Amino acid sequence: MSIRVRFAPSPTGPFSLGNARTALFNWLFARHHKGTFLIRIEDTDKERSKKEYEEMALSALKWLGIESDEPIIHQSERGDRYAHYVKKLFDTNQAYYCFCTSEELEAEYQAQMSQGIAPKYGGKCRHIKKEDAETRLEKGEQATIRFRMPEKRIAFTDMVRGKVEFDTALFGDIIIAKSLTEPLYNFAVVVDDYETQITHVIRGEDHTPNTPKQIALQEALGFPQVHYGHLPFILGADRKKLSKRTLTSSMLDYKEQGYLASAMINMLALLGWHPEKDREVLTTEEIINEFDMKRVQKAGAVFNPEKLDWLNMAHIKLMSDETLKELLVPHIPPEWKNDKDRLMRVIHLEKNRMRKINEFITNAKLFFELPEYPASLLLFKGTTTHDTESSLKETEQFIKNISENEFNESALNEKIMGIANERGRGMVLWPLRVALSGKEMSPGPIELLTALGKKESLVRIAHAIQKIEGALRDRS
RNA sequence: GGCUCCAUCGUCUAGUGGUAGGACAUUGCCCUCUCACGGCAGUAACAGGGGUUCAAUUCCCCUUGGAGCUACCA
């Protein structure tokens, strides 16, 4: 039988790292086993569900390349399906109307808590006859629908943790719906998973205690049991579940900050899972091939932003210059595109220096516009203005003598390093590099020359020489 | 309180009944005109106590610590 999984977010808040990881593991599991991956929106809570959160989740997933193989289901549109199954439970006397008010229930729970007893519903409405309930409903009384929880031990084999067992007597009769068409989580999940023929439920470990309730419901409705796997949490630095407020916990923020989807997937996959052979930098394709629920960790994992940076850098290096250009183009100033060749040379050079793709704008700016800098910056430590002037002039002459078609890295390296080794490396390379970049810190002079090209390089060197001469004049 | 789960370097993790390995971070060195990249080396962990065993990080129990759940949220 083919594997079918689903990711079922409730659109009640920003889409977090943890949500993304749960979606990813479901998706990886489906892809690895050539199964089907579904997205279902759990928007039964009308108060808290918001369309914007749903859109946020879907676009974050789309960014990661995770999309539903079948049309997306909304629980809010399936009221009649839930009503159908609630009626089935009524017909078999496995559900009943409960007229207790929230105040009554609250008081009951408080009393139990203060006595140190595990709180659960006392069963006050358990024996109200269906006919009596219906007349009360007709009179306009408010009621919820409860499931007669059978008291027994329910065990299941978790794909991550192995055998887990609960005593359902501790749960009491849970509320499964506010009305025929307004189901609550545990009931809606069971119905939808059944109707979409889900075979494996992979979700966060916060759902572990819900699993026996859902199994009891499946048994009551005569549904086959599904396989469960509960994923450990992604934790904040405080080792607590990532809160909604945690900074940049919204997935789309990572995209904005210049992270690659492939790096993000790599990072998320490595939180709680590890390939058999010890490798860290993995393409999505490789992760799909090697993914195995058996290798999923049991303990929660603290998210490490530095490692994400490192992985992002690694994934940038994995990309071709051309692919990187495509990614960069929408973000760069239009005038940078005028000189296509120069742009490509700059991308090639900066590719190995970027941790996040939006760093490109600040890093590459100097190639398109010479920054302002003081003449004093041209002086290598412990050298004189005079020596700097003569060094720059000599370098300028050498560069002028290199023909346009010889203007490449190896030829430049040979010529420039020739002078540098003669006059002293710092004496030659520092002023040249500052003249070309206008910055204290930058790529090396040979790299700058190659990327800028002969013409622009000479303009910048001439500009530097003017600065030096100006400084000399001011002194005399 | 009750129920469930978890426990290897600071972090992510590998691992086995017999020397605890890798990655990020960090430190030092090399490369070098600077900053990155890269290369090399170093610091750093089996929570504690009992068992079982010739031998336990590994298997069992307890303790401790941590997390989740305990809704007319999901």
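Residues numbered from 1 in each chain as written. Chains lettered and ligands numbered in written order. Predicted model: local features only at pLDDT ≥ 70, side-chain atom pairs only at ≥ 80, totals over all residues. Heavy atoms only, no water.

Points about the overall build of chain A
Point 1. Scanning chain A from N- to C-terminus turns up 19 helices and 13 strands.
Point 2. Against the 2.2 N^0.38 benchmark of 23 Å for 476 residues, chain A shows a C-alpha radius of gyration of 33 Å, more extended than a compact globule.
Point 3. With the C-alpha coordinates of chain A rotated into their principal frame, the extents come out at 110 × 45 × 40 Å.
Point 4. Sequence separation of at least 24 residues holds for 76% of the intrachain contacts in chain A that already meet a minimum separation of 6. (Helix = DSSP H or I, 4+ residues; strand = E, 2+ residues; numbered from the N terminus. Rg over C-alpha atoms; globule rule 2.2 N^0.38 Å. Contact = heavy atoms within 4.5 Å.)

Considering the protein's contact with RNA strand B
Point 1. Near RNA strand B, the surroundings consist of 65 residues, among which T44, R161, R353, R425 and P445 are the closest.
Point 2. Among the atoms of RNA strand B close to the protein, meaning within 4 Å, 74% are from sugar or phosphate groups.
Point 3. Within the side chain of K178, a nitrogen or oxygen atom sits 3.2 Å from a phosphate oxygen of RNA strand B.
Point 4. Contact distances for RNA strand B include 2.7 Å between a phosphate oxygen and a backbone N or O atom of G272.
Point 5. Those elements that place two or more of their residues in the surface near RNA strand B are α4 (102–114), β7 (162–167), β8 (175–179), β13 (301–302), α11 (305–318) and α17 (425–437). (Near = heavy atom within 4 Å. Polar contact = N/O pair within 3.5 Å; in protein donor to acceptor, adjacent residues only side chain to side chain.)

Examining the pairing of strand β2 (residues 36–41)
Point 1. For β2, a buried count of six out of six residues is recorded, marking the element as mostly surrounded by other parts of the structure.
Point 2. Going residue by residue along β2, you find T36, L38 and R40 tucked away on one face and F37, I39 and I41 tucked away on the opposite face as well.
Point 3. Of the pairings in the sheet, the one linking strand β1 (residues 4–7) to β2 comprises four bridges and is parallel in character. Bridged to R6 within β2 is L38.
Point 4. In terms of strand pairing, β2 meets strand β3 (residues 73–74) through two bridges, oriented parallel. If you follow I41 over to β3, its bridge partner there is H74.
Point 5. The parallel pair β2 and β3 is bridged by helix α2 (residues 51–64), and the resulting crossover is right-handed. (Buried < 20%, exposed > 50% of the residue type's maximum accessible area, 1.4 Å probe, protein only. Pairing = 2+ DSSP bridges. Right-handed = clockwise from strand over helix to strand, strands pointing away.)

Focus: the domain arrangement of chain A
Point 1. Each assigned domain of chain A is listed with its residue range as follows: domain 1 (321–368) and domain 2 (375–475).
Point 2. On the side of domain 2, twelve residues touch domain 1, which itself brings nine residues to the contact.
Point 3. The contact between domain 1 and domain 2 buries some 860 Å² in all, and 62% of this surface belongs to carbon and sulfur atoms.
Point 4. Taken together, the links from domain 1 to domain 2 amount to zero salt bridges.
Point 5. At the junction of domain 1 with domain 2, the criterion picks out three residue pairs in polar contact (both at pLDDT 80 or more).
Point 6. Of all the secondary structure elements, the ones that give two or more residues to the side of domain 1 that touches domain 2 are α13 (340–350) and α14 (359–368). (Domains from an automatic or database assignment. Buried area = accessible area lost by both parts, 1.4 Å probe. Salt bridge = Lys/Arg side-chain N within 4 Å of Asp/Glu carboxyl O.)

Side note on the sheet that holds strand β5 (residues 144–147)
Point 1. Spatial ordering of the open sheet is given by β4-β5-β8-β9, a layout of four strands whose pairing is antiparallel. Strand pairing shows two members of the sheet lacking a second neighbour, β4 (95–98) and β9 (182–183), which therefore form its edges.
Point 2. As judged from the two bridges shared by β8 and β9, these two strands associate in the antiparallel manner. Bridging across to β9, A177 finds its partner in P183.

Examining the state of the cysteines
Point 1. Taken as a whole, this structure holds zero disulfides when the rule is applied.
Point 2. With no disulfide of its own, C98 lies closest to C100 among cysteine sulfurs, the gap being 3.7 Å.
Point 3. The exposure class assigned to C98 is buried, which follows from its relative accessible area of 1%.
Point 4. Here C125 stays free of any disulfide, with the sulfur of C100 as its closest cysteine sulfur at 3.5 Å.
Point 5. Note on C125: relative accessible area 4%, which makes it buried. (Disulfide = S-S within 2.5 Å.)

Description of the environment of I347
Point 1. Structurally, I347 can be placed in helix α13.
Point 2. Discounting residues that sit within four places of it in the chain, I347 has contacts with D321, L324, K325, L328 and F360.

Details of unusual backbone geometry
Point 1. Unlike most non-glycine residues, K34 shows phi in positive territory, near 55°.
Point 2. Relative to the assigned elements, K34 resides in the loop between α1 (17–32) and β2.
Point 3. With relative accessibility at 71%, the residue K34 sits in the exposed group.
Point 4. Even without a glycine there, the phi angle at N93 is positive, about 60°.
Point 5. Inspection of the secondary structure puts N93 in the loop between α3 (79–91) and β4.
Point 6. According to the relative accessible area criterion, N93 is partly exposed, its value standing at 48%.

Digging into the packing of aromatic side chains
Point 1. Tallying each qualifying case throughout the model produces 14 aromatic pairs.
Point 2. Between Y194 and F223 the ring centres are 3.7 Å apart and the planes differ by 5°, which places this aromatic pair in the stacked class. Of this pair, Y194 sits in helix α6 (residues 185–195) while F223 sits in the loop between α7 (211–221) and β11 (227–231), placing them 29 residues apart in sequence.
Point 3. Here Y194 falls in the partly exposed class, since its relative accessible area comes to 35%.
Point 4. Aromatic pair W336 and F368: ring centres 4.4 Å apart, planes at 10°, arrangement stacked. Placement of the pair is W336 in the loop between α12 (321–328) and α13 and F368 in helix α14, with a sequence separation of 32 residues.
Point 5. Members of the aromatic cluster, joined through ring pairs, are F25, W273 and F291.
Point 6. Over the face of the ring belonging to F25 we find R21, whose NZ or CZ atom lies 5.0 Å from the ring centre. (Phe/Tyr/Trp six-rings, centres within 6.5 Å; stacked < 30°, edge-to-face > 60°. Lys NZ or Arg CZ within 6 Å of the ring centre and 35° of its normal.)

As for the environment of L217
Point 1. On the secondary structure map, L217 appears in helix α7.
Point 2. L217 gets classed as buried once you look at its relative accessible area, which sits at 0%.
Point 3. Expressed as a C-alpha distance, the spacing of L217 and I176, which sit 41 residues apart in the sequence, is 9.4 Å.
Point 4. Residues in contact with L217, not counting those within four places in the same chain, are L89, F147, I174, I176, N186, F187 and V190.

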